[in-house]
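Per-entry structural report
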Amino acid sequence: MGRASDQCGAGGRATLLVLADGRFPAGGHAHSGGVEAAVRAGRVDGVATLALFCRGRLQTAGLVAAALAAAAAAGTDPLELDALADARTPSPALRATARRLGRQVMRAARVIWPGGELDRLAALRPRGAHHPVVLGVAARSAGLGDEDAAYCCAYEAAQGPVTAAVRLLGLDPFEATAVLARLAPEIDRVVADAVRAAHTGTEALPAASAPLLDITAEAHAAWPVRLFTS
Amino acid sequence: MHLGHPHMPTEAGGDAPARTVRPEGTRRALRIGLGGPVGSGKTATVAALCRALRARLSLAVVTNDIYTREDAEFLLREAVLPPERIKAVETGACPHTAIRDDISANLEAVEDLEDAVGPLDLILVESGGDNLTATFSRGLVDAQIFVIDVAGGDDIPRKGGPGVTNADLLVINKTDLAPYVGSDLDRMARDARERRGTLPSVMTSLKEADGVAPVARWVTDQLAAWVA
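Residues numbered from 1 in each chain as written. Chains lettered and ligands numbered in written order. Predicted model: local features only at pLDDT ≥ 70, side-chain atom pairs only at ≥ 80, totals over all residues. Heavy atoms only, no water.

So, the nonpolar core
Within the largest apolar cluster, 65 residues are counted, with the highest numbers of intra-cluster contacts made by A:Val35 and A:Leu50. Sort the elements by how many residues they give to this core and helix α4 (residues 47-73) of chain A lands first, with 15 residues. What A:Val35 contacts, discounting residues up to four positions off in sequence, is A:Val44, A:Leu50, A:Phe53, A:Pro161, A:Ala164, A:Ala165 and A:Leu168. One finds B:Leu57, B:Ala72, B:Leu75 and B:Val147 within the second-largest nonpolar core, a separate group that totals 32 residues. (Core = buried A, V, L, I, M, F, W, Y, C linked by side-chain atoms within 4.5 Å. Buried < 20%, exposed > 50% of the residue type's maximum accessible area, 1.4 Å probe, protein only. Helix = DSSP H or I, 4+ residues; strand = E, 2+ residues; numbered from the N terminus. Contact = heavy atoms within 4.5 Å.)

Next comes the structure, spelled out in structure tokens:
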């Protein structure tokens, strides 16, 4: 798969499956990727609108996360990337969510693929670095490459909302998963763009934004009753 | 590593216990989980335990509400502990996932409490109301209490399941309701013994003064073993 895996022989395809698994124990199950707010607003009410939502999230938050993760996996300074992630996340609620998920990936990864780079980042950002940055460093610690890390983030950008929408709307799980399957070629393209940007340099990292996701995340964070944390 | 502390006596036997030392080298708090079906009295038991133990122990509570912060807010309203000692975890519609399959958010809450108000002797982790199969990961808690109640049906101990059978302590709550709902307490106690072998069960009525005493005694014993 990714470059690093070809070079060092560790971190092959099976390792990528472990890291990308929706059941990887890093707290993702409690987050909806913004789809809970979209369901409440009536913007997502079935598989067709879910597909549109996921496509939008993939092309914006997903692309940005994939590029940050690829850069981190390629060895770019994680603290620099963490600052760049902050600059690309205008919503305080989403910044808090990203750091929280980053902290949770860190906790899992330090047990599963322990390594000095993870320890250093954990010491420098004890309350959590941004999720894609930690994910990239974790992928590196697992012997995975930049492309692998980008795949994890791009896939998660769509997979998280799909899983949450199944619970929120009682969707047919086969049709919901078909939404993901149909997005696969687009996920491939997003990953290719993300890796290309990461290779060019940090100044080339994408900054695509989804203002409605930012706004609804702020509102969602203030709801007294909700099923998902974000 | 510390020997002789409480452990989850599953038939699968002894896995390595969860790390018992905090990064700065001090012993972390004993963590006890409380699980059980919706409405069996988990939150009331936590509140009563806090009242019974707070004078002599440094305590904190993590609640896992299913879709609100009601359990945490109940504990705050009852003022069983200062607010900085109570933390709510949101579980994404899956309370059992947050205590068993993916314990990340709960571990974070536990660590945050120890950082903010530690050193702590004891942290109670209350699960969201769930079903009879919900049990805690040993990576999250050192021992677990399963709370059922007589009004949920006196056949629950007989039905067994992971919570009833394997929890370190089974609490059969609301014994005061038994005559009104036609539950046979002797039968429940007998069935619990049969299911649980040597593992302890207690009956409680939290309506009575000091009704939580049998649970508080058990918790105190666990803590004595933990610090021994």
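Topic: the UniProt feature "domain: CobW/HypB/UreG nucleotide-binding" (unreviewed entry) in chain B
UniProt marks residues 32-198 of chain B with the feature "domain: CobW/HypB/UreG nucleotide-binding" (unreviewed entry), using the numbering shown here. The span residues 32-198 of chain B is 40% helix and 20% strand, and its two end C-alpha atoms sit 19 Å from each other. (UniProt positions renumbered as here; feature names shortened; annotations may be inferred.)

A short note on the packing of aromatic side chains
Residue and element names in this part refer to chain A. Here the structure, examined in full by the defined rule, presents 1 aromatic pair over all chains. Measuring from centroid to centroid gives 6.0 Å for Phe24 and Trp113, while their planes differ by 5 degrees, and the two rings are stacked. Here the residue Phe24 occupies a position in the loop between α2 (13-20) and α3 (35-40), and Trp113 occupies one in the loop between α6 (92-112) and α7 (116-124), the gap between them amounting to 89 residues. Owing to a relative accessible area of 14%, Trp113 belongs among the buried residues under this scheme. In this structure, Arg40 is placed above the aromatic ring of Trp223, and the distance from its NZ or CZ to the ring centre is 3.8 Å. (Phe/Tyr/Trp six-rings, centres within 6.5 Å; stacked < 30°, edge-to-face > 60°. Lys NZ or Arg CZ within 6 Å of the ring centre and 35° of its normal.)

Here's the deal with the sheet that holds strand β3 (residues 86-90) of chain B
Residue and element names in this part refer to chain B. In spatial order, the strands read β3-β2-β4-β1-β5-β6-β7; together these 7 strands make up an open sheet with parallel pairing. With one partner strand each, in any of the chains shown, β3 and β7 (201-203) form the two edges of the open sheet. Going across the sheet, the axis of each strand differs from the next one's by a mean of 20 degrees, ignoring polarity. Sheet topology places strand β1 (residues 30-35) next to strand β5 (residues 143-149); 4 bridges connect them, and they run parallel. Bridged to Gly35 within β5 is Phe146. (Pairing = 2+ DSSP bridges. Axes fitted to C-alpha atoms, helices over the stretch in contact; angles between N-to-C directions.)

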